[in-house]
Amino acid sequence: MIYLDHNATTPLDERVRESMLPYLGPLYGNPSSLHRLGRIARSAIGTAREQVAALVGAQPSEVIFTASGTEADNLAIKGLAGKLRPGVIASPLTEHPAVTGPLDYLSRHDWRIQTLAVDAQGSLTGDSQEAWEHPDLRFATVMLANNETGVIQDIARVADRLRARGLYLHCDAVQAAGKLPLDFHRCGAHLLSISAHKIYGPKGAGALIVQTGVELEPLLHGGGQERDLRGGTENVAALVGFGKAAELAKSELDQRYAHMLRLRQVLESGLASLPGATIFAGDSERLPNTVQFALTRIDGEALVMALDRRGFAVSSGSACASGAGEPSPVLLAMGVEPDVAKGAVRVSFGKDNSEEQVPLLLQALKNILADFGLNRAAG
């Protein structure tokens, strides 16, 4: 199987696995215990906190560990809402379900959600900028890099507008971390969510980066872990793995970026020669590894399964919304026709994919087109 679904999850790096093993065996202490095993576990978490902070240009004290990127998003959004007077939250129509879910929840509890339009390339439109002046606006949540299209938003510009009014910005950077250089303080966001399993770390570990001085209402109560913001005994092995994955992602960032961008360029060049192929957001600044496309008159889920039978693992969109059978809300927000959006397939390369695999994928697509009787250009 050639794995091309790294935006859904990444394989555990062997170096990460090795770092975790002692904490799945002899170093099993509770980090809250005062004895030696507890101190070892606590020290390991401290090291992981430093490694994660370094990846995103934050201070270790600003890293709050969670069990996932979804939990980090929920802690940011519900946590801010719990400390502020109800009003308006602004957010693009292209956010991940981990963001739209808590927003939907708050909309049933005295909050109003101001949705922001995007253009055909997935970027926030000029009209959406008016939302930053809404008199009842309390904060905004804007994804840094879209998980489906890979489109990168101008977070610094949004942050400048909000900070000028003393308002908060949360940024879901789950897909951006490890693929783009990040500097928490320079980007201007007050809160930033990331996840371990998107950067070759283990599932079950995430983090919310919280600017010093920002107050949040906890989601979980009980225990004083994570500055009283996330009660519960820490998953030491997973956090150690998260830290190691972050360290590797930082040290190998330039190499990984160049490699994945080359793969994306080769694939897009090949797609341009296929009849009826459409690349979504092709003119936008995007993640180096992500290509979302459609082949005319072939359903996206059917194409995913056809590729699966030929040994390729790709996605029809967000893994958190797979199997929904409906067109991607992200593409619909970009003005893509529903029948075209239903054909969307996402290829997301990883650091271990090779350039030799791309022609194999393109040949598989050509064979599928032939099977559907669509291997000739119209006319």
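Heads up: these notes are all about the structure in this document. (Residues numbered from 1 in each chain as written. Predicted model: local features only at pLDDT ≥ 70, side-chain atom pairs only at ≥ 80, totals over all residues. Heavy atoms only, no water.)

**Topic: the overall build of the protein**
Logical step 1: Per the secondary structure count, the protein includes 12 helices and 12 strands.
Logical step 2: Relative to a compact globule of 379 residues, whose C-alpha radius of gyration would be 21 Å, the protein shows 21 Å and is just as compact.
Logical step 3: Expressed along its principal axes, the backbone C-alpha trace of the protein runs to roughly 75 × 55 × 30 Å.
Logical step 4: Out of the 379 residues belonging to the protein, those deemed buried represent 55%.
Logical step 5: Taken as a whole, the protein presents about 15,900 Å² of accessible surface, with 50% of it coming from carbon and sulfur.
Logical step 6: Taking the 36 positively charged and 42 negatively charged side chains of the protein as two groups, their mean positions are separated by 3 Å. (Helix = DSSP H or I, 4+ residues; strand = E, 2+ residues; numbered from the N terminus. Rg over C-alpha atoms; globule rule 2.2 N^0.38 Å. Buried < 20%, exposed > 50% of the residue type's maximum accessible area, 1.4 Å probe, protein only. Areas by Shrake-Rupley, 256 points an atom, 1.4 Å probe, with all protein chains shown as cover. Lys, Arg positive; Asp, Glu negative; His and termini not counted. Charge placed at Lys NZ, Arg CZ, Asp CG, Glu CD.)

**So, the packing of helix H8 (residues 253-271) against helix H12 (residues 357-371)**
Logical step 1: At a closest axis distance of 10 Å, the pairing of H8 and H12 adopts a crossing angle of 25°. With respect to H12, the axis of H8 lies roughly parallel. The handedness of the crossing between H8 and H12 is right-handed. Residues Leu263, Val266, Leu267, Gly270 and Leu271 of H8 touch H12, and the partners they reach there are Val358, Leu361, Leu362 and Leu365.
Logical step 2: Looking at the contact of H8 with H12, its residues break down into 8 nonpolar, 1 polar and no charged. (Axes fitted to C-alpha atoms, helices over the stretch in contact; angles between N-to-C directions. Parallel < 35°, antiparallel > 145°, perpendicular 65-115°, else oblique. Left-handed = near helix turned anticlockwise from the far one by under 90°. Contact = heavy atoms within 4.5 Å. Nonpolar A, V, L, I, M, F, W, Y, C, P; charged D, E, K, R; others polar.)

**A word on the packing of helix H9 (residues 300-309) against H12**
Logical step 1: As a packed pair, H9 and H12 sit with axes 10 Å apart at the nearest point and diverge in direction by 120°. When the interaxial angle is binned, H9 and H12 end up oblique. In this structure, H9 crosses over H12, and the sense of that crossing is right-handed. Within the contact between the two elements, H9 uses Leu303, Ala306 and Leu307 and H12 uses Leu361, Ala364, Leu365 and Ile368.
Logical step 2: When the residues that make up the contact of H9 with H12 are grouped by side-chain class, the tally is 7 nonpolar, no polar and no charged.

**Some points on unusual backbone geometry**
Logical step 1: For Arg227, which is not glycine, the phi torsion reads 55° and is therefore positive.
Logical step 2: Position of Arg227 among the secondary structure elements: in the loop between strand E8 (206-210) and helix H7 (236-251).
Logical step 3: By relative accessible area, Arg227 is classed as partly exposed at 45%.
Logical step 4: Phi is positive for Ala281, which is not a glycine, with a value near 60°.
Logical step 5: Inspection of the secondary structure assignment puts Ala281 in the loop between strand E9 (277-279) and strand E10 (290-295).

**As for the sheet that holds E9**
Hydrogen bonds between backbone groups are what pair the strands of a sheet, and the pairing can be parallel or antiparallel.
Logical step 1: Ordered in space as E9-E10-E12, the 3 strands form an open sheet in which the pairing is antiparallel. Strands at the two margins of the open sheet, each flanked by one partner only, are E9 and strand E12 (344-348). The mean inter-strand angle of the sheet, taken between neighbouring strand axes irrespective of direction, is 30°.
Logical step 2: Set on the sheet, H9 makes contact with E10 and E12; between it and E12 the angle comes to about 45°. (Pairing = 2+ DSSP bridges.)

**Quick word on the pairing of strand E4 (residues 112-116)**
Logical step 1: By the bridge criterion, 5 bridges tie strand E3 (residues 88-92) to E4 in an arrangement that is parallel. Counterpart to Ile89 in the pairing with E4 is Ile113.
Logical step 2: In this view, the connection linking E3 to its parallel neighbour E4 by way of helix H4 (residues 97-107) has right-handed handedness. (Right-handed = clockwise from strand over helix to strand, strands pointing away.)

**Section: empty space enclosed by the protein**
Logical step 1: Counted by the stated rule, this structure contains 3 cavities of 30 Å³ or more.
Logical step 2: Taken together, the residues of the lining of the largest cavity sort by class into 4 nonpolar, 5 polar and 3 charged. (1 Å grid on protein atoms, 1.4 Å probe; cavity = no way out; pocket = protein on both sides within 12 Å on 5 of 7 lines; lining within 4 Å. Points joined across faces, edges and corners; volume = space filled by probe spheres on them.)

**Side note on the pairing of E8**
Logical step 1: Counting buried residues along E8, 5 of its 5 residues qualify, which places the element largely inside the surrounding structure.
Logical step 2: On E8, burial covers both faces: Gly206, Leu208 and Val210 on one face and Ala207 and Ile209 on the other are all buried.
Logical step 3: Strand direction decides the pairing type here: strand E2 (residues 63-66) and E8, joined by 4 bridges, are antiparallel. Following the sheet pairing, Val63 is matched in E8 by Ile209.
Logical step 4: Pairing between strand E7 (residues 191-195) and E8: 5 bridges, direction antiparallel. Looking across to E8, one finds that Ser195 is bridged to Gly206.

**Structural notes on the pattern of salt bridges**
Logical step 1: Here the structure, examined in full by the defined rule, presents 19 salt bridges.
Logical step 2: A salt bridge links Glu18 to Arg17, with the shortest nitrogen-to-oxygen separation between them at 3.3 Å.
Logical step 3: Looking at Arg17, the relative accessible area reads 38%, which means it is partly exposed.
Logical step 4: When the shortest N-O distance is used, the salt bridge between Asp371 and Arg310 registers 2.4 Å. Note that Asp371 is positioned in helix H12 and Arg310 in the loop between H9 and strand E11 (312-313), a separation of 61 residues in sequence.
Logical step 5: Here Asp371 falls in the exposed class, since its relative accessible area comes to 57%. (Salt bridge = Lys/Arg side-chain N within 4 Å of Asp/Glu carboxyl O.)

**Some details on the nonpolar core**
Logical step 1: In terms of nonpolar packing, the biggest core is built from 70 residues, with Phe65, Trp132, Leu169, Ile194, Ile209 and Phe242 touching the most fellow members.
Logical step 2: When residues of this core are assigned to their parent elements, the largest contribution, 10 residues, is made by H7.
Logical step 3: Each residue touching Leu169, except ones within four places of it in the same chain, is listed here: Ala140, Thr141, Val142, Ile155, Val158, Ala159, Leu162, Ala189, His190 and Leu191. (Core = buried A, V, L, I, M, F, W, Y, C linked by side-chain atoms within 4.5 Å.)

**Observations regarding the packing of aromatic side chains**
Logical step 1: The full count for this structure, using the stated rule, is 2 aromatic pairs.
Logical step 2: Sitting over the ring of Tyr105, Lys78 keeps its end group 4.6 Å from the ring centre.
Logical step 3: In this arrangement the basic side chain of Lys351 is found over the ring face of Tyr200, its NZ or CZ atom lying 4.8 Å from the centre. (Phe/Tyr/Trp six-rings, centres within 6.5 Å; stacked < 30°, edge-to-face > 60°. Lys NZ or Arg CZ within 6 Å of the ring centre and 35° of its normal.)

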